[in-house]
Amino acid sequence: MTTPNSQTILDLHRPGATSALFHSVGPASAPQAPAFTHRRKVIGLPEVAEVDVVRHYTRLSQESHGVDNGPYPLGSCTMKYNPKRHDALAQERGFAAAHPHQPETALGGVWELYERLQAMICEVTGMDACSLVPAAGAHGELAGLLMIRAHFRHAGARRPVVLVPDSAHGTNPASAAMAGFECRIVPSDLRGRVDLAELRAMLTPDVAAFMLTNPSTLGLFEDQIVEIADLVHANGSLLYYDGANLNALMGVVRPGDMGFDVVHVNVHKTFSTPHGGGGPGAGPVAVKRALAAHLPGPVAQRVEGVACPLVPGPQSIGRMKSFHGHVAVLLRAYGYLRTMGAAGLREASMHAVLNANYLQHRLAHILPPVYRQFCKHETLLSGEKLNTSARQFAKRLIDYGIHPPTLVGAGCVYFPGDLKSAMLIEPTETETKASLDYQVGIFQKVFDEDATDEALVGSAPLSRKIARIDLNN
Ligand SMILES: *Cc1c(COP(=O)(O)O)cnc(C)c1O
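The structure displayed is predicted, hence computed values, not measured ones.

Observations regarding the overall build of the protein chain
Looking only at helices and strands, one finds 13 helices and 12 strands in the protein chain. Over its C-alpha trace the protein chain gives a radius of gyration of 25 Å, about what one expects of a compact globule, namely 23 Å for 473 residues. For the protein chain, buried positions account for 48% of its 473 residues. Residue pairs at least 24 apart in sequence account for 70% of intrachain contacts in the protein chain once pairs closer than 6 positions are excluded. When the accessible surface of the protein chain is summed, it comes to about 22,600 Å², and 58% of that surface belongs to carbon and sulfur atoms.

Looking at the sheet that holds strand 2 (residues 161-165)
Taking strand neighbours across the sheet as the criterion, the 7 strands line up as 1-7-6-5-4-2-3 in an open arrangement whose pairing is mixed. Lying at the two open borders of the sheet, with one neighbouring strand each, are strand 1 (129-131) and strand 3 (182-186). Sheet twist, expressed as the mean angle between neighbouring strand axes with direction ignored, is 20°. Pairing analysis gives 3 bridges linking strand 6 (residues 262-265) to strand 7 (residues 285-287), with the strands arranged antiparallel. Within strand 7, the position partnered with Val-262 by the bridge is Val-287. Its contacts with the sheet put helix 4 (residues 108-125) on strand 1, strand 6 and strand 7, and the angle it makes with strand 1 is roughly 125°. Strand contacts of helix 5 (residues 137-154): strand 2, strand 4 (207-212), strand 5 (238-243), strand 6 and strand 7, with the helix running at about 170° to strand 5, the strand carrying the most contacts.

Examining the packing of aromatic side chains
Under the counting rule described, the total for this entry stands at 4 aromatic pairs. Between the aromatic rings of Phe-393 and Phe-443, the centroid separation amounts to 5.7 Å while the plane-to-plane angle is 55°, which identifies the pairing as tilted. With Phe-393 in helix 11 (residues 390-397) and Phe-443 in helix 12 (residues 433-452), this residue pair connects regions lying 50 residues apart in the sequence. We note that Phe-393, like Phe-443, is buried.

Focus: the packing of helix 5 against helix 6 (residues 171-178)
Closest axis-to-axis distance for the helix 5/helix 6 pair is 9 Å, and the angle between their directions is 45°. In terms of their interaxial angle, helix 5 and helix 6 are classed as oblique. Viewed along their axes, helix 5 and helix 6 form a crossing whose handedness is right-handed. Between helix 5 and helix 6, the residues in contact are Ala-138, Glu-141, Leu-142 and Leu-145 and Thr-171, Asn-172, Ser-175, Ala-176 and Met-178, respectively.

Some thoughts on the site of the ligand
Close contacts around the ligand come from Ser-76, Ala-136, Gly-137, Ala-138, Glu-141, His-169, Thr-171, Asp-242, Ala-244, Asn-266, His-268 and Lys-269, and that covers them all. Asp-242 is positioned with one of its side-chain polar atoms (N or O) 2.6 Å from a nitrogen atom of the ligand. Between the ligand and Asn-266 there is a distance of 3.0 Å, counted from an oxygen atom to a side-chain nitrogen or oxygen. Look at the ligand: alone it shows 390 Å² of surface, and the protein chains cover 85% of it. The biggest single contributor to the shell around the ligand is helix 5, with 3 residues. Its residues placed into classes, the shell around the ligand shows 3 nonpolar, 6 polar and 3 charged.

Points about the pattern of salt bridges
Between side chains of opposite charge, a pair can form as their charged atoms come close. Scanning the model with the defined rule gives 19 salt bridges in all. When salt bridges that share partners are traced, they join Glu-112, Glu-115, Arg-116 and Arg-302 into one network.

Considerations on the environment of Tyr-400
Relative to the assigned elements, Tyr-400 resides in the loop between helix 11 and strand 11 (406-409). Note on Tyr-400: relative accessible area 18%, which makes it buried. For the pair Tyr-400 and Ser-463, spaced 63 residues apart in sequence, the C-alpha separation works out to 9.1 Å. Every residue in contact with Tyr-400, bar those within four places of it in the chain, is listed here: Tyr-438, Ile-442, Lys-445, Val-446 and Glu-449.

Here we look at the side chain of Lys-80
Among the structural elements, Lys-80 can be located in the loop between helix 1 (50-62) and helix 2 (85-90). Polar side-chain contacts of Lys-80 include one of 2.7 Å to the backbone oxygen of Thr-270. For Lys-80, the side chain forms a polar contact with the side chain of Glu-429, separated by 2.9 Å. With near-sequence residues (within four places) excluded, Lys-80 lies in contact with Val-67, Asn-247, Met-250, Lys-269, Thr-270, Ser-272, Tyr-336, Thr-428, Glu-429 and Thr-430.

Describing the pairing of strand 6
Where burial is concerned, the two faces of strand 6 agree: the one with Val-262 and His-264 and the one with Val-263 and Val-265 are both buried. Examined bridge by bridge, strand 5 and strand 6 share 4 bridges and lie parallel to one another. Looking across to strand 6, one finds that Tyr-240 is bridged to Val-262.

Digging into the pairing of strand 10 (residues 379-382)
Burial along strand 10 is two-sided: the residues Thr-379 and Leu-381 and Leu-380 and Ser-382 are all buried. Relative to strand 12 (residues 421-425), strand 10 is paired through 4 bridges, and the arrangement is antiparallel. Looking across to strand 12, one finds that Leu-381 is bridged to Met-423.

Thoughts on the packing of helix 10 (residues 327-363) against helix 12
Here helix 10 crosses helix 12 at 30°, and the two axes come no closer than 10 Å. Considered as vectors, helix 10 and helix 12 are oriented roughly parallel to each other. Along this stretch, helix 10 crosses helix 12, giving a crossing that reads as right-handed. Touching Asn-355, Tyr-358, Leu-359, Arg-362 and Leu-363 of helix 10 are Lys-433, Leu-436, Asp-437, Gln-439, Val-440 and Phe-443, all from helix 12. The residue inventory of the contact of helix 10 with helix 12, partitioned by class, reads 6 nonpolar, 2 polar and 3 charged.

Definitions and limits used
- Residues numbered from 1 in each chain as written.
- Predicted model: local features only at pLDDT ≥ 70, side-chain atom pairs only at ≥ 80, totals over all residues.
- Heavy atoms only, no water.
- Helix = DSSP H or I, 4+ residues; strand = E, 2+ residues; numbered from the N terminus.
- Rg over C-alpha atoms; globule rule 2.2 N^0.38 Å.
- Buried < 20%, exposed > 50% of the residue type's maximum accessible area, 1.4 Å probe, protein only.
- Contact = heavy atoms within 4.5 Å.
- Areas by Shrake-Rupley, 256 points an atom, 1.4 Å probe, with all protein chains shown as cover.
- Pairing = 2+ DSSP bridges.
- Axes fitted to C-alpha atoms, helices over the stretch in contact; angles between N-to-C directions.
- Phe/Tyr/Trp six-rings, centres within 6.5 Å; stacked < 30°, edge-to-face > 60°.
- Parallel < 35°, antiparallel > 145°, perpendicular 65-115°, else oblique.
- Left-handed = near helix turned anticlockwise from the far one by under 90°.
- Near = heavy atom within 4 Å.
- Polar contact = N/O pair within 3.5 Å; in protein donor to acceptor, adjacent residues only side chain to side chain.
- Nonpolar A, V, L, I, M, F, W, Y, C, P; charged D, E, K, R; others polar.
- Salt bridge = Lys/Arg side-chain N within 4 Å of Asp/Glu carboxyl O.

Here is the structure:
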């Protein structure tokens, strides 16, 4: 464990220090820039030797944990490894050097990319039409809900309510509220699934949509999804699929076939785009034919074999994003989908589910699963056997190079039942068996520490510059 160095670049200032390359370039030999560009006063930039600049920023880059540093079993986030070849693809000059103000006719490659990727996302989700432009999962949710609102407005119906299960990701009720809906929470039953009797009672004529994630954020598949879809549709309402995380079901089952009408997907989770730290990502939204006219633009189409932009109709919800959305992010997703192929996607999901069940099984004696059954791509483990809390336990993992899992329970996210302390673990398919076994070993080690040395776990992490940003946590 090294002692963290807390120097800033300003602390490294040494008058006269400079780069190896430019030390001989004084004012006399410098090319003459026009006078109006000359600086009028000294602005106090730090003078630092080039090698120290490189060391400083390399050190900083190593102080934050990423999937390239170690395991990152952060539930609901799908922190899988992102093959570097997709970064190279995103740096292709034709895309990287394109200017958003180029005339549409000079952006043929972008339209080609969009048309192909739209079709792939429709294929994976079982939908008919797609717009790639929303900038993140929550943005895709907002787009989907605005489309649902437009759908009912054009039909002359007043439906101001959206239903959300109590296990939903926090963005679901937030997006519903932002789109102008009143949000009502549907409780889960003892199996962690949507309580059908409650749902039936809550499906009143003012309900526009029911938002669902399947498998849910508890890692459980809603096995009554066909009944749920029938109930929702019989009420004249629409079914929204939060597909932020498709990692459990690619090539196995499709939201469209389960009866969903609108879906957003996070390419920065499922389709192997780097994420964390706030972006950028992309949250394409896909719909059944009946809703296609409401998609946000720009949408690509193919006319006589040539990909080009579709002129948005009057029922489109309009633009969600300047220019074309996050082209480089979508390019990475395209690279991933092409390299995996249909069989590869299915295999990835199979392994994601296998890995989660392997961890659930190997950890059951110290962190028992909250719902004692097979999980999908993630598993909810209870901290009931811990001396301290799941939060304390997770903090100690940082000292062993493992990112803490998602914490759920008191003070974190609203959670069904009286669960006090639990964590949601999602290993993803890209971790090897050796890595999973290493993680099991570390979890065991921290569990043993927790039993004998509560203080050690209580003050963790010990190896980081900042242990707790929020001192109450
Ligand atoms: C991550 C996630 C979201 C939100 O996606 P962002 O890209 O962070 O906005 C929504 N729902 C679920 C289930 C998620 O896991």
